[in-house]
Amino acid sequence: MSHRLDFVTTHATEFVDLTDRIRDEVRRAGLRNGRVHMQSLHTTLGLAINENEPLLLHDFESLLDRLAPAGAGYEHDDFARRFEVPLDEPANGHAHCRQLLLSAFATLMVEEGDLVLGRWQSMFAVELDGPRQRQVALQLDGEFARSDEQVSLEALVELELARQLMVDPEPVASPMRRLVGAGGKRLRPKLVQLTAGIGPRSDPLRAAELAAAVELLHNATLIHDDYVDESTHRRGRPTVAAAEGPERAIAVGDYYFAKATRLIAQIGNGGVTSALAEALEAVCASQIDDVAMRGSYPGDRDSYMRVIRGKTASLFAAACESGALLSGAAPDVVDALGRFGVLLGTAFQMADDMVDFSPSSGKPVGLDIRQRVLSLPLIYAAEDRVVGPEVRRLLAGALGDAEVGRVAELVTASGALPRVRQEAKGLIDAAVRELDAVELDGLRPALAGLALSAVDRIS
Amino acid sequence: MSVQLLDRELDRLEGLWSDGLSETYGSYLDAVGHFDPEMQPKLALAAALIEAGVRLQGLGGRAAPPTTLLIGDLCLARGSRLLADNAPLAVQVAFARAIETASSAAAAGQPAPALRQLLRQSLGATR
């Protein structure tokens, strides 16, 4: 099983902790016992296993600087003596020499579904010539413990997505193919498929069609969001707006908004169509509130909860309800799944907020702060008696690298992250309890497992 | 159109009504005469919201600023929800196809089709 880890670096030399992302890949692939092989796909990006301790990382950086200092007369930087040098070629002889001191390869063992790492060991990609967009290739081999049913459900959605994107005009299909192909957790389609197995009219093919349409709808909203947020990257790749301009992004978002609603309508279940249409309206209305709240950034908890209820949780809830409705599940089951989806979606958003403060996420730390995106850890830190005044003062001004870094430090130093983590876990517990009171035809463990996995980035 | 319906369906979009949406709505009324009387204002409003939404977004022209885009998105979503709740399947599908046509033309840099004409035809779709 092969995969690529995409990430963006923000400094000339940077240690990107990939451990949690690799662990996620192992879990997602269902690898029980075996190996993860990693290979840097760049000549100025190394791999290393060591301790994630900030001062030690600074020591490593100093060591590399002493061993191969920048601008020390490298022949590689003498462009007059080289052939076919691109116009934007950087003077980076030092970075290549530093890479020679590291490795381009690494293998981690996997036992009982988890990475075999010592207590202090982390897996790093070492940026030597940043900031850049980077990719590490991954291959997993060994004994996989996934059920055939699980594999086939996921494969059905991927096939359906590929089929839909194959028939669309290239100017819209090509950017969407890149976005969909870059990965994503596919939580919403999984919720559709699982809940579509509950009622008496379970039909995996129709469920996969609905699941793929919901994923396209979600991605259409992301394309417009990225333009609004001025995001340059998503899932490690340039956003549609950044790569092809806002005009194309608006057109691609509109096309897949329309196509997804058509595919949903053509499934021919009025309840499903209405549930998803209501959710989409809630997403759009909350996006307006979200942007409006940036005037009083970072806002307060009540406003935050109201916005993410519409912006994130509504589509999770509609995914759960629509799958159940498609399968002909009883109304009390549909309602319970809707409540489950709201709680899960809310917890998922909280977990997603916390990723902004994790150096191992693959995203630059503090990106949400820089873009003034709504964030519960930031709200809690701003309310904190000790760090709050400084957080609020920094957020009130211009946010350069230094200010963003300082805010991230203050949030991490405050009790905000454990508080959000606890709250998200409480919501997952409550979501799972919603499943207790109804008959789910044996699917409760799968739904509970999916709920836990949605927030396991913060465990 | 009843005041209650307007109040509900123009939530957050009130300013658009006096800013041309009422005229756009009026231009669709003669295309919905074959529906139940109760449905007619809802379907005309759905069509008007979709036309206004696409215009606000700047589809096929210069991209709207982010906040205007979001208002356009809400117009499209609300129009789509009105259709989901009130229109026959054939009309829902025809509306979606009209937006697909307009947006794929915009993405390809081709001249925009006459959206109002497409939407009016969509209101007459029977299959």
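What you see is a predicted model, and the numbers here were worked out from it, not measured in a lab.

**What about the overall build of chain B?**
- Within chain B, the secondary structure is distributed over six helices and zero strands.
- Order of helices (α) and strands (β) in chain B, N terminus to C terminus: α-α-α-α-α-α.
- Here the C-alpha radius of gyration of chain B, 14 Å, is about what a compact globule of 127 residues would show, namely 14 Å.
- Projecting the C-alpha coordinates of chain B onto the three principal axes gives extents of approximately 40 × 35 × 20 Å.
- A buried classification covers 46% of the 127 residues belonging to chain B.
- Counting only contacts in chain B whose residues sit at least 6 apart along the sequence, the fraction spanning at least 24 positions is 60%.

**Observations regarding the domain arrangement of chain A**
- Taken domain by domain, chain A consists of domain 1 (2–146) and domain 2 (149–458).
- Here domain 1 of chain A and domain 2 of chain A have C-alpha centroids that lie 29 Å from each other.

**Topic: the pairing of strand β7 (residues 122–127) of chain A**
Residue and element names in this part refer to chain A.
- With respect to burial, β7 is a largely interior element, six of its six residues being buried.
- Where strand β2 (residues 14–17) meets β7, four bridges bridge the pair, whose relative direction is antiparallel. Bridge pairing links E14 to E127 in β7.
- Direction of pairing for strand β4 (residues 45–50) relative to β7: antiparallel, over a ladder of six bridges. Considered in β7, the bridge of L47 is made with A125.

**A look at the interface of chain B and chain A**
- The partner chain A presents 33 residues to the 30 residues of chain B that form the contact.
- When contributions to the side of chain B that touches chain A are tallied by element, the ones reaching two or more residues are α4 (66–86) and α5 (89–107) of chain B.
- Considering each element in turn, the side of chain B that touches chain A owes the most residues, 13 residues, to α4 of chain B.

**With respect to the nonpolar core**
- With 148 residues, the main nonpolar core has V252, F316, L344 and A347 of chain A together with I50 of chain B as its most contacted residues.
- Here this core takes 14 residues from helix α7 (residues 204–229) of chain A, the largest share from any one element.
- Look past the residues within four positions of A347 of chain A in its chain and what remains in contact with it is A424, L427, I428, A431, A454 and V455 of chain A.
- In this structure, F15, M38, V110 and A125 of chain A belong to the second largest nonpolar core, which totals 25 residues.

**Quick notes on the packing of α7 of chain A against α4 of chain B**
- Packing of α7 of chain A against α4 of chain B brings their axes to within 9 Å, and their N-to-C directions diverge by 155°. One finds that α7 of chain A runs roughly antiparallel with respect to α4 of chain B. Note on packing geometry: the crossing formed by α7 of chain A with α4 of chain B is left-handed. Contacts from H224, Y227 and V228 of chain A in α7 of chain A reach P66, L69, L70 and D73 of chain B in α4 of chain B.

**Examining the environment of Q121 of chain A**
- Mapped onto the elements of the fold, Q121 of chain A is located in the loop between β6 (114–115) and β7.
- For the pair Q121 of chain A and L394 of chain A, spaced 273 residues apart in sequence, the C-alpha to C-alpha distance is 34 Å.

**Here we look at the environment of L435 of chain A**
All names here are of chain A.
- For L435, the position within the fold is in the loop between α17 (416–434) and α18 (444–454).
- Residues L435 and A336, 99 residues apart in the sequence, show an inter-C-alpha distance of 6.6 Å.
- Beyond its immediate stretch of four places on either side in the chain, L435 contacts A336, F340, L440, R444, L447 and A448.

**Quick look at the sheet that holds β4 of chain A**
Residues and elements named next belong to chain A.
- One open sheet accounts for three strands, arranged β2-β7-β4; its pairing is antiparallel. The two strands at the open ends of the sheet, each matched to only one other strand, are β2 and β4. Between one strand axis and the next, the sheet turns through 30° on average, direction left out of account.

**Regarding helix α6 (residues 115–123) of chain B**
Residue and element names in this part refer to chain B.
- The complete set of buried residues in α6 reads L119, S122 and L123. The buried side chains of α6 occupy one side of the element, clustering within an arc of 100° when seen end-on.
- Looking at the buried side of α6, the elements it contacts are α2 (14–29), α3 (40–57) and α5.

The rules behind each value
- Residues numbered from 1 in each chain as written.
- Chains lettered and ligands numbered in written order.
- Predicted model: local features only at pLDDT ≥ 70, side-chain atom pairs only at ≥ 80, totals over all residues.
- Helix = DSSP H or I, 4+ residues; strand = E, 2+ residues; numbered from the N terminus.
- Rg over C-alpha atoms; globule rule 2.2 N^0.38 Å.
- Buried ≥ 20, exposed ≤ 12 C-beta atoms within 10 Å, placed from the backbone.
- Contact = placed C-beta atoms within 7 Å.
- Domains from an automatic or database assignment.
- Pairing = 2+ DSSP bridges.
- Core = buried A, V, L, I, M, F, W, Y, C linked by C-beta atoms within 7 Å.
- Axes fitted to C-alpha atoms, helices over the stretch in contact; angles between N-to-C directions.
- Parallel < 35°, antiparallel > 145°, perpendicular 65-115°, else oblique.
- Left-handed = near helix turned anticlockwise from the far one by under 90°.
- Arc of directions from axis to C-beta.

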